[in-house]
Amino acid sequence: MTGQSLPRGAYTATPCRACRTPKPARWYLCGGCWAALPAPARRALNRRDGRALTRLRELHARIDSEQPLNELEITP
């Protein structure tokens, strides 16, 4: 045990890209960072279509450029 308490569920070795805390498997961000995204951005990222990977790359690029999460706009 590492002394850190983690929420229950399957967690990956990959941390949240925005805050570097552990995130659940198959999630783009941890729950706190996901909640900080504007609702239109969350809806766009939840869509499963041919542009889903493009939207994920757009999210990663904006996080890497240190844009605040609450100001992110993801192209639908």
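Residues numbered from 1 in each chain as written. Predicted model: local features only at pLDDT ≥ 70, side-chain atom pairs only at ≥ 80, totals over all residues. Heavy atoms only, no water.

This part covers the overall build of the protein. On a plain count of helices and strands, the protein comes out with three helices and two strands. Going residue by residue from the N terminus, the α and β elements of the protein occur as β-β-α-α-α. Burial analysis of the protein (76 residues in total) assigns 25% to the buried set. Nonlocal contacts in the protein, meaning residues at least 24 apart in sequence, comprise 32% of its contacts between residues at least 6 apart. (Helix = DSSP H or I, 4+ residues; strand = E, 2+ residues; numbered from the N terminus. Buried < 20%, exposed > 50% of the residue type's maximum accessible area, 1.4 Å probe, protein only. Contact = heavy atoms within 4.5 Å.)

Residue-level pLDDT values for the protein average 88, and 84% of them are 70 or greater. At the low end of the mean pLDDT range in the protein sits strand β1 (residues 11-15), at 75; at the high end sits helix α2 (residues 39-46), at 96. (pLDDT = per-residue confidence, 0-100.)

Attention now goes to the nonpolar core. L29, L37 and L59 are the most contacted members of the largest nonpolar core, which has 14 residues in total. Among the secondary structure elements, those contributing two or more residues to this core are α2 and α3 (52-64). The contacts of L37, once residues within four sequence positions are left out, are L29, R42, L45, L59, L69 and L72. (Core = buried A, V, L, I, M, F, W, Y, C linked by side-chain atoms within 4.5 Å.)

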